[in-house]
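# Reading the structure
Next come the chains, spelled out residue by residue.
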Amino acid sequence: MIYFDNSATTQAAPAVLETYTKVSQQVWGNPSSLHNFGETAFHLLEQSRKQIADLIGAKPNEIFFTSGGTEGDNWVTKGTAIEKRSFGKHLITTAVEHPAIHNSMEQLKELGFDITYLPVDQEGRISIDDLKAAIRPDTILVSVMAVNNEIGTIQPLQAVADVLKDYPKIHFHVDAVQGIGKGIQDIIMNDRVDFVTFSGHKFHAPRGIGFIYARQGRKLAPLMTGGGQENNWRSGTENLPAIAGMAKALRLLLTDEAEKVARERAIKQRVYDHIKDFPKVTIFSQPTDGFAPHILCFTINGVRGETIVHAFEDQGIFISTTSACSSKKHLASSTLMAMHVPESVATSAIRISLDENNTLAEADEFNRVFDNLYQKFSKINADA
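Residues numbered from 1 in each chain as written. Predicted model: local features only at pLDDT ≥ 70, side-chain atom pairs only at ≥ 80, totals over all residues. Heavy atoms only, no water.

### Quick word on the domain arrangement of the protein chain
- The domains assigned to the protein chain are domain 1 (2-8 + 257-381) and domain 2 (14-254).
- Distance from the C-alpha centre of domain 1 to the C-alpha centre of domain 2: 28 Å.
- Counting from both sides, the interface comprises 31 residues of domain 1 and, opposite them, 28 residues of domain 2.
- Both faces combined, the contact of domain 1 with domain 2 buries some 2300 Å², and carbon together with sulfur accounts for 48% of it.
- At the junction of domain 1 with domain 2, the criterion picks out one salt bridge.
- Residue Lys182 pairs with Glu264 through a salt bridge whose shortest N-O separation is 3.1 Å.
- The tally of links from domain 1 across to domain 2 stands at 20 residue pairs in polar contact (both at pLDDT 80 or more). (Domains from an automatic or database assignment. Contact = heavy atoms within 4.5 Å. Buried area = accessible area lost by both parts, 1.4 Å probe. Salt bridge = Lys/Arg side-chain N within 4 Å of Asp/Glu carboxyl O. Polar contact = N/O pair within 3.5 Å; in protein donor to acceptor, adjacent residues only side chain to side chain.)

Now the structure itself:
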């Protein structure tokens, strides 16, 4: 079995599962309880918070635990709107964001907020001039993803940060769900960013756990109110086993990060070089520094994406159409549509997404299967 769908979810690491099980069995007190058992849980919670903060270059009081990327994106978007609504009702994002951002913005639009979606070029990247032109006196948030989840485009976050230095009252949010551990932490945690979203199951932690970075001094209205956990920002009893597991997963991810990124890039290059000259293949993810090392999106023109996915699955290779969140809905890639790719081509798009455990041997097997399937699809199209 070859698993090339790591942008959808990753396998929990054995060491992470060991931590999760150990904490579940031995430290199952409520961190909010006053007794010693609760104190033990609280100390482990804060130890995990500090470890995560140290790993991303933040302070412990800037880390807030969530249930994952979707909650984090919803929280920053809607929390900013609630907190800063008296200052303005204009928010800026891109036309290629994850649905957690896009749909949150659409919901805010129904509540009377004004949303600007920045267009993208043929590589799925925004223009800084468009951003400058979009900013208004009533703008309260700019939200730009680090890495596009469908084709892997890296957005110019440092350039966005440079623009926003002249607008200190605007919240700057980065969705880094696909960007953590991919060699771009310096532009994600830039000197202007206010909020960053992370999701544990994208880097071998359990599902249902994540965190946001919130710059000290910035205010965000809570969406989850109740018992006052997370400094009254996000109520709900903390999922301590998953939090401790996520802290370990992040440490493992960022250990030898450069070596892991190089390995992913080499695998992506091996597949790219093999498929690029086939006449019916269109590739949207380039093997350059402007794209993440782990995502390769392409089409076999004339063959629907789900057909290609199932054909590879029959050979023991697991890939996806462009987004796990929309694949079962048989929707064309929202990113490719925003890039003005014809719908007939966009519906053929598939994505392979790698992690540090994949190998060049797996890439070679993918290429072998690709050759066979390409010939099969070409014959079917010729007979049609």
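### Section: the pairing of strand E7 (residues 195-199)
- Among the five residues in E7, five count as buried, and that is most of the element.
- Side-chain alternation along E7 places Phe195, Thr197 and Ser199 on one buried face and Val196 and Phe198 on a second face that is also buried.
- Alignment of strand E6 (residues 171-175) against E7, held across three bridges, turns out to be parallel. If you follow His173 over to E7, its bridge partner there is Phe195.
- Relative to strand E8 (residues 210-214), E7 runs antiparallel, the two being bridged by five bridges. (Buried < 20%, exposed > 50% of the residue type's maximum accessible area, 1.4 Å probe, protein only. Helix = DSSP H or I, 4+ residues; strand = E, 2+ residues; numbered from the N terminus. Pairing = 2+ DSSP bridges.)

### Observations concerning the sheet that holds strand E3 (residues 90-94)
- Overall, mixed pairing links the seven strands, which are arranged E2-E8-E7-E6-E5-E3-E4 in an open sheet. Each edge of the sheet is formed by a strand with only one pairing partner; in this case those strands are strand E2 (63-66) and strand E4 (114-118). Strand-to-strand twist across the sheet, computed as the mean angle between neighbouring axes with direction ignored, equals 20°.
- Direction of pairing for E2 relative to E8: antiparallel, over a ladder of four bridges. When the sheet's bridge partners are listed, Ile63 is paired in E8 with Tyr213.
- Those strands touched by helix H6 (residues 157-164) are strand E5 (139-145) and E6, and its axis lies near 170° from that of E6. (Axes fitted to C-alpha atoms, helices over the stretch in contact; angles between N-to-C directions.)

### Remarks on a nonpolar patch on the surface
- Taken together, the side chains of Ile82, Leu223 and Met224 make up a nonpolar region of the molecular surface, amounting to roughly 230 Å² of accessible area.
- Within the secondary structure, Met224 is located in the loop between E8 and helix H8 (240-254). (Patch = residues over 30% accessible without salt bridge, like charges linked within 9 Å, V, L, I, M, F, W, Y side chains within 5 Å. Areas by Shrake-Rupley, 256 points an atom, 1.4 Å probe, with all protein chains shown as cover.)

### So, the packing of aromatic side chains
- Applying the stated rule across the entire model yields eleven aromatic pairs.
- The interplanar angle of 65° and the centroid separation of 4.7 Å between the aromatic rings of Phe278 and Tyr374 together place this pair among those described as edge-to-face. Of this pair, Phe278 sits in the loop between helix H9 (257-275) and strand E9 (281-283) while Tyr374 is found in helix H14 (residues 360-383), placing the two residues 96 residues apart along the sequence.
- Its relative accessible area of 8% is what places Tyr374 among the buried residues.
- Three or more aromatic residues joined by ring pairs form one cluster here, namely Phe278, Phe298, Phe370 and Tyr374.
- A cation sits over an aromatic face here: Lys84 above Phe87, 5.2 Å from the ring centre.
- Sitting over the ring of Phe113, Lys89 keeps its end group 5.5 Å from the ring centre. (Phe/Tyr/Trp six-rings, centres within 6.5 Å; stacked < 30°, edge-to-face > 60°. Lys NZ or Arg CZ within 6 Å of the ring centre and 35° of its normal.)

### Things to note about empty space enclosed by the protein
- Applying the stated criterion across every chain yields a total of two cavities of 30 Å³ or more.
- Taken as a whole, the largest cavity spans an internal volume of roughly 110 Å³.
- Lining the largest cavity are 15 residues, and of these Asn6, Thr10, Lys182, Lys202 and His294 sit closest to its centre.
- Each of two domains, domain 1 (2-8 + 257-381) and domain 2 (14-254), supplies a minimum of three residues to the lining of the largest cavity. (1 Å grid on protein atoms, 1.4 Å probe; cavity = no way out; pocket = protein on both sides within 12 Å on 5 of 7 lines; lining within 4 Å. Points joined across faces, edges and corners; volume = space filled by probe spheres on them.)

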